[in-house]
Amino acid sequence: MEDDAKLKLMQKRIIKSYAWQRDIIVPLSKDFNCTVEELEEVFFDLFDMSSLEALHGTLETAKDICMYQKFHADLRLCWFVGTLEVISLEDAKNLKMKLVQEVKNGKSYEDALKEGHLEIFELLKKEAELCL
């Protein structure tokens, strides 16, 4: 077997693994409206062996980052922190980190979001007291 053929076989073994198919290939092929095989070929062309081996781990990291950013948007922190400047960047960061951790520990996103809204209101009330 030639080196290129061996490399292709090793790449296929990684991408055809259950975890890869479940977490990456099948969901993305649905999102992209393409076949699983088409997406696999694109990944073969884009990534070398070490990148392929590391990609599944980077998915988990990206999920945390995406959830952190989703909380930022859903809690309207762009407005409260950036535009109105009534919540500090540090308070916003700490709140989002706490909520992400709670979701990772099993709390539903919706419940964590409700909790986040309540905590933002408490932060706003505390800021209002400082203005008196």
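Since we're looking at a predicted model, the values are computed, not measured.

Attention now goes to the overall build of the protein. Helices and strands together make up the secondary structure of the protein, namely seven helices and zero strands. Counting from the amino terminus, helix and strand elements in the protein follow one another as α-α-α-α-α-α-α. Over its C-alpha trace the protein gives a radius of gyration of 21 Å, far above what one expects of a compact globule, namely 14 Å for 132 residues. Taken over 132 residues, the protein has a buried fraction of 28%. Restricting to contacts in the protein with at least 6 residues of sequence separation, those with at least 24 account for 58%. With an accessible surface of roughly 9,000 Å², the protein has 59% of that area assigned to carbon and sulfur atoms.

Core analysis: the biggest nonpolar cluster contains 17 residues, and Phe-71, Leu-75, Leu-77, Ile-87 and Ile-120 have the highest contact counts within it. Once residues lying within four places of it in the same chain are set aside, the contact partners of Leu-75 are Phe-80, Leu-95, Leu-99, Leu-113, Gly-116, His-117 and Ile-120. If you look at the next biggest cluster of nonpolar residues, it comprises 11 residues, including Ile-15, Ile-25, Leu-39 and Phe-43.

With 14 residues, helix H2 (residues 18-31) should reach 20 Å at 1.5 Å per residue; the first-to-last C-alpha distance of 19 Å fits that figure. Within the sequence span of H2, burial applies to Trp-20, Gln-21, Ile-24, Ile-25 and Ser-29. The inward-facing, buried residues of H2 contact helix H1 (3-15), helix H3 (36-46) and helix H4 (49-74). The positive-phi residue at the C-terminal boundary of H2 is Asn-33, with phi of around 55°.

Thresholds, definitions, all that
Residues numbered from 1 in each chain as written. Predicted model: local features only at pLDDT ≥ 70, side-chain atom pairs only at ≥ 80, totals over all residues. Heavy atoms only, no water. Helix = DSSP H or I, 4+ residues; strand = E, 2+ residues; numbered from the N terminus. Rg over C-alpha atoms; globule rule 2.2 N^0.38 Å. Buried < 20%, exposed > 50% of the residue type's maximum accessible area, 1.4 Å probe, protein only. Contact = heavy atoms within 4.5 Å. Areas by Shrake-Rupley, 256 points an atom, 1.4 Å probe, with all protein chains shown as cover. Core = buried A, V, L, I, M, F, W, Y, C linked by side-chain atoms within 4.5 Å. Expected span 1.5 Å × (residues − 1).

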